[in-house]
Every structure is written in structure tokens, then in C-alpha cells.
Amino acid sequence: MRIIHTADWHLGQFFYTKSRAAEHQAFLDWLLEKAEAQQADAIIVAGDIFDTGSPPSYARELYNRFVVRLQQTGCQLVVLGGNHDSVAMLNESRELLACLNTRVIAAAGDDVSQQVLVLNRRDGQPGALLCAIPFLRPRDILRSQSGQSGREKQQSLLEAITEHYQRCWQEALTRRDALGLALPIIATGHLTTMGVTKSDAVRDIYIGTLDAFPADCFPPADYIALGHIHRAQRIANSEHIRYSGSPIPLSFDELGKAKSVFQVDFCNGSLSAVEALPIPLFQPMQMIKGSLEQIEQQLAAITADPQDATIWLDIEIVTDAYLSELQRRIQELTEALPVEVVLLRRSREQREQVIARLNNETLSELSVEEVFSRRLALEEEEPERLERARALFARTLEAVRHEEEPS
């Protein structure tokens, strides 16, 4: 039995106003080719198919087209809901997609038998059992109790998630006994597990109740396919508990390590091999840090090649100059280069210093322009939007002052 473990597609994401449609289409084409070339029996997507609960129509089209094309290969697809996904939106096509060799588990329910699936091999014979567990919303598995402290709520949620996994695990064992076959048992999850390395694009879930789920609370499944964390990694130094990570970089700090999906093989009812299949980088992205002089040197090293795609740049600069002055200088430096500056910001240390300085100043010590300029300097937005905001503020301020002049 061979599965491909992936997660966190975030179809429909806009990256500082930049659409990721072309990248996602390229990834889905690549995944389809890999599923066919590797003769995968099933693909498991461990949550966050979409970036929002109301994805744009093109994102839904990408999803639906992929399902149709994959069905023609004989590879089964299992889709788990994530914290970004809308349960109602995923469920609206669930019955239709079931006719296309695709199972959608958008949310947890009381009947755990609906979350335990038999995964067939390409020859139609049972190859594994799957505890298909999506993002567990507290309201789906836990009844709130009045008068509980924060710590008690945290403990209650931990116990509820653990119990849900154990119920699914017991159902899988029962199903395996009924089949009389030595099948491996796979589990999924979309949550934060203790010991993970996160990125800027990951939003914390279970805030205020449960920060992270202990790995030793998972049942003893042969493989646990996790989603929500965008960096591919093993958990608790184990081979069988893994995050596949997102297929494309969803933030600049995810650069530096190749994106991948995991190809997972089972033999004689147990895990036999896990191999990372590296995903090509479909959109060149780069971070540049340092002083203005260092940034000029790094930009000078970028050469124009008409065959290459435009590079998206994140420039983090160490300087006391106003960002408006920097924007003009950076624009001059990049005008003839195959780059697009999507993010220009001060270094993290300087941003923290600005915040500390603002905390020690009163508004009476600052002009209106200084307050706005300092506040704008904290924003991590593309230069064009910052420039538009600055121009709009200047026009508004001029109009207000004109109205206040005595007639």
C-alpha cells in the first residue's frame, strides 16, 4: 500500500495582494504526475485545502478539476477539513465527489464510524484503514461547562481530543478484526503538536485553551499524517508522526528548505518506508537583509534573464531613514531587474525599538505627520500600498486644515 501525504494547500491565497493561482496549478499538475508515476494508491490531504472559508471561484475550480483528473488515474483522494476551511462549503460537494473516488471529512461527529475508512489499493483490494480526523473544533467534541478556569478548560479540551482519537482507533481495530486482514492503520490530524517549528503564515489554534497536543496522546497508529504546520518535519523524533508542510512557501520565512510531500509505503500490515518527494519552486522568492549598502550589493548580484520568472523580494533594511525615501531608492535600484518588491520593512529589532520609543512618548510631543509616519513604518505591506496610503493621508490632512482656516 502506498499513500502520498500532503496538507495545507491554501488554494485561493493572496500573498501581499499577489495571486498564487499559477503556483497552485503547477503544484497540482506536478502532484498528479507523481501520483501516476509512483502508482500511489491514495492521496491524503490533512486539512486547509482552501485559504479561507469563502475561496474565490478559481480556487474551487482548481480543486474540482484536480479531483476529476485524479479519479481517472485510479488513485483515491481523502480530503480533511482544516481550521481555514468552511465545513459547509466542503460538505456541499461531498456526495458528488464520493462518486469520483474522493472522500471528504469536513468535521468531526458523534458517529466515529463515519471517520474510519477503508483505503483500497489500485487493484480494488483493501490496503489500509484510515482514522480520518479533521481539525477538531471544540464545539464538535466538547460541551462547555460554566465556572471552569482557564486551566480546567485546557485540560477538558485535551481530554476530549484524546478521547476522540481513541474512539476512532478502537473503531479501526474493530473494523480490521471484522475484515480479518493484516491492514496498517493510518490516522490524520490538523492541529499543533508539541515540539514543532512554525512559520509566520501559521495561525495559532486552540488559543486560550490548548496550545499544543502532546504526541504521546496519539493512538499507536502505523502512520499519523498531520497538517497545519507549514514546515515538513517529524514529531517526537519518530518516523511515523509527520507534518508534510505546505506545498508552496506561504511566507518568506518558509524559504531555505525544499517543500515536499511524503510518499509512505506499507508492507505486511506495517510501515516500511517514508520518502520525501521534493516539490519544485514554481515562483522565485528571496529575502534580502542588511544595511542600504549591503542591500545594494545583493541587488547588484541579481542578473536579468528573460527566461526566468520575476523574483518576489522581501527587503528587510537596517536604517533610520524614512521608508518613503527608501522606497524611492529601492525603486531606482530594482527598476531594470527581474524583481518585484512585495515587502519592504525595517529590521525586526528596529521595529521593536520604534514601538518602545512610541510607548515612552506622548502624542503632544509629536506632529500629526510624525504619528502617521511612525505608525505606517510598522506595517508590512507592499511599497505601492504604503505610498498610496501616505498620499491619501496627506490629501486628507490638507483638506482638514483648509476647513479649519478662518474665513
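Only a predicted model underlies this, so the values are computations on that prediction, with no experimental measurement involved.

Cut-off values and rules
Residues numbered from 1 in each chain as written. Predicted model: local features only at pLDDT ≥ 70, side-chain atom pairs only at ≥ 80, totals over all residues. Heavy atoms only, no water. Helix = DSSP H or I, 4+ residues; strand = E, 2+ residues; numbered from the N terminus. Buried < 20%, exposed > 50% of the residue type's maximum accessible area, 1.4 Å probe, protein only. Contact = heavy atoms within 4.5 Å. Areas by Shrake-Rupley, 256 points an atom, 1.4 Å probe, with all protein chains shown as cover. Pairing = 2+ DSSP bridges. Phe/Tyr/Trp six-rings, centres within 6.5 Å; stacked < 30°, edge-to-face > 60°.

Observations concerning the overall build of the protein
Turning to step 1, where the next piece is worked out: Broken down by element type, the protein carries 11 helices and 17 strands.
Turning to step 2, where the next piece is worked out: Looking at the 407 residues of the protein, the share that counts as buried comes to 48%.
Turning to step 3, where the next piece is worked out: Residue pairs at least 24 apart in sequence account for 73% of intrachain contacts in the protein once pairs closer than 6 positions are excluded.
Turning to step 4, where the next piece is worked out: In the structure as shown, the protein presents an accessible area of about 19600 Å², 48% of it carried by carbon and sulfur atoms.

Quick look at the sheet that holds strand β7 (residues 116–120)
Turning to step 1, where the next piece is worked out: The mixed open sheet is built from 6 strands, whose spatial order is β7-β8-β9-β10-β12-β11. Across the chains shown, the open sheet's two edge strands, defined by having one partner strand only, are β7 and β11 (233–234).
Turning to step 2, where the next piece is worked out: Both β11 and strand β12 (residues 241–243) contribute to a ladder of 2 bridges, which runs antiparallel. Paired with glutamine 233 across the two strands is tyrosine 243, which belongs to β12.

Remarks on the pairing of strand β1 (residues 2–6)
Turning to step 1, where the next piece is worked out: Of all the 5 residues making up β1, 4 are buried; the element is thus mostly covered by neighbouring parts of the structure.
Turning to step 2, where the next piece is worked out: Bridge analysis of β1 against strand β4 (residues 42–46) gives 4 bridges, and the strand direction is parallel. By the bridge assignment for β4, threonine 6 is matched with valine 45.

A short note on the packing of aromatic side chains
Turning to step 1, where the next piece is worked out: Applying the stated criterion across every chain, the model contains 10 aromatic pairs.
Turning to step 2, where the next piece is worked out: Judged by centre distance (5.2 Å) and plane angle (55 degrees), the rings of phenylalanine 15 and phenylalanine 252 are tilted. In this pair, phenylalanine 15 is assigned in strand β2 (residues 14–15) and phenylalanine 252 in the loop between β12 and β13 (260–267), connecting sequence segments 237 residues apart. For the pair shown, phenylalanine 15 and phenylalanine 252 are each scored as buried.
Turning to step 3, where the next piece is worked out: Between phenylalanine 213 and phenylalanine 218, the aromatic rings sit 5.1 Å apart at their centres with planes inclined by 65 degrees, giving edge-to-face as the arrangement.
Turning to step 4, where the next piece is worked out: By relative accessible area, phenylalanine 218 is classed as buried at 7%.
Turning to step 5, where the next piece is worked out: Taken together through their ring pairs, the aromatic side chains of Trp9, Phe27, Trp30 and Phe66 make up a single cluster.

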